[in-house]
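Listed below are the residues making up each chain.
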Amino acid sequence: NLCRSREDKIRPKKNEFPFNELGDDDLAAIEQFYEKMPAESRPVKNGEVDAGSKDVAEKLRRWCVLQSGDTTKKLPDGTATTGSNVISHLGKCAAMRVKTIVAMVFKYLCADQQHRRYIVTSGGVRTLLGLVDLEDEAARDAARQALAQICIVTNPSLLPYSEQLDAVRPLVQTLEHHHELLQFEAAMGLTNLLTSSDELRSRAILARGWYACRDLLFSDNELVQRAGLEAMCNLTMAPEMLERFAEGKCELELRVFIGFCSSEDRASVIAASGALAMLASCDEVAVHIAANENFG
């Protein structure tokens, strides 16, 4: 609660899940039911407690990641008792309630890009990887979002290779989330990770990352489209994808890449043309590209 401000309060919105799946009649019925309830029984729409100002919350978040702690004391794993180290350590606790709270704290700490490197150095990535499958949906989403945000700004080579590999699955799964921001951040984090190695790209393909990224291209959000396209561009470096294209099994994707080359969004043009350039390095794929009626 101390890391949260009133601007972080979760308020139900009609254009967001699950209310966006309800019809106008259903929403009207819920509102009528609410109005008929006795005043003392009505839930408070904006929460019972004011979470405080954004400035105060940001100061506490900064203190959590920057304070040095008591250098004379050590955690059981031998690390210093800094705020971020303690939070990472608590995330390994067996108590589900503690894990849920830790996931939410990480979400707030990672909201500031400058804080993410401290989470990495305190072992926070490994802790987050242990929280990405929590039963509580809000906590699970919080952990996956924090993980994606860290992957966006962190050079993959600075992460242990096991953490790079383990981060692929939750990021790919988040691409299918109903919230566009989570889709966007997951795609951006995955794009960065995919620069690491063929093994990591193969793992993403096995996790159906190619199809999840392709689905993002049909989003109404231009930023989500671009993020999905950039991730697909990096996936084309995988030998498995080159083989599929060479066998003519990805004609739809070829048409999509060629189509995005005419986009008004410069970043999308760069990603699509980059994918085609890498694919064209294979003679068999180059023939398919040149044969496309929209090419050139």
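Below or above, wherever it landed, is the structure these notes cover. Quantities reported herein were computed from a predicted structural model and do not represent experimental measurements.

Rules of the game
Residues numbered from 1 in each chain as written. Predicted model: local features only at pLDDT ≥ 70, side-chain atom pairs only at ≥ 80, totals over all residues. Heavy atoms only, no water. Phe/Tyr/Trp six-rings, centres within 6.5 Å; stacked < 30°, edge-to-face > 60°. Helix = DSSP H or I, 4+ residues; strand = E, 2+ residues; numbered from the N terminus. Buried < 20%, exposed > 50% of the residue type's maximum accessible area, 1.4 Å probe, protein only. Contact = heavy atoms within 4.5 Å. Salt bridge = Lys/Arg side-chain N within 4 Å of Asp/Glu carboxyl O. Axes fitted to C-alpha atoms, helices over the stretch in contact; angles between N-to-C directions. Parallel < 35°, antiparallel > 145°, perpendicular 65-115°, else oblique. Left-handed = near helix turned anticlockwise from the far one by under 90°. Nonpolar A, V, L, I, M, F, W, Y, C, P; charged D, E, K, R; others polar.

1. Details of the packing of aromatic side chains
Here the distance between the centres and the angle between the planes together describe a pair of aromatic rings.
Thought 1: All chains considered together, the criterion is met by three aromatic pairs.
Thought 2: On the basis of an interplanar angle of 85° and a centroid distance of 5.9 Å, the ring pair of Trp210 and Phe245 is categorised as edge-to-face. Of the two residues, Trp210 sits in helix 11 (residues 209-216) while Phe245 sits in helix 13 (residues 239-246), which places them 35 residues apart along the sequence.
Thought 3: For Trp210, a relative accessible area of 1% translates into the label buried.
Thought 4: Residue class for Phe245 comes out buried when judged on its relative accessible area of 1%.
Thought 5: Both rings, one in Phe245 and one in Phe257, keep their centres 6.5 Å apart while their planes meet at 20°; by these two values the pair is stacked. Remark: Phe257 occurs in helix 14 (residues 251-260) and Phe245 occurs in helix 13; sequence separation between them is 12 residues.
Thought 6: Given a relative accessible area of 0%, Phe257 falls into the buried group.
Thought 7: One aromatic cluster in this structure is built from Trp210, Phe245 and Phe257.

2. Brief notes about helix 14
Thought 1: Turning to helix 14, its buried residues number three or more, namely Glu253, Leu254, Val256, Phe257, Ile258 and Phe260.
Thought 2: Structurally, helix 14 contributes buried residues whose contacts are with helix 11, helix 12 (222-235), helix 13, helix 15 (266-279) and helix 16 (283-291).

3. Considerations on the pattern of salt bridges
Thought 1: Going through the model one piece at a time under the given rule, you end up with eight salt bridges.
Thought 2: Note that Asp133 and Arg169 form a salt bridge whose closest N and O atoms lie 2.7 Å from each other. You can see Asp133 sitting in the loop between helix 6 (124-129) and helix 7 (137-153) and its partner Arg169 sitting in helix 8 (residues 161-174), a full 36 residues away along the chain.
Thought 3: Owing to a relative accessible area of 34%, Arg169 belongs among the partly exposed residues under this scheme.
Thought 4: One continuous salt-bridge network, built from bridges that share partners, spans Arg126, Asp166 and Arg203.

4. Regarding the packing of helix 8 against helix 10 (residues 198-206)
Two numbers describe a pair of packed helices, the interaxial angle and the distance between the axes.
Thought 1: Following both chains from N to C, one finds helix 8 and helix 10 inclined at 25°, their axes separated by 9 Å at the closest point. In terms of axis orientation, helix 8 runs roughly parallel to helix 10. Considering how the two elements wind past one another, helix 8 and helix 10 form a crossing that is right-handed. Contact residues: helix 8 offers Tyr161, Gln164, Leu165, Asp166, Val168 and Val172, while helix 10 offers Glu199, Leu200, Arg203 and Ala204.
Thought 2: Looking at the contact of helix 8 with helix 10 residue by residue, the class counts come to six nonpolar, one polar and three charged.

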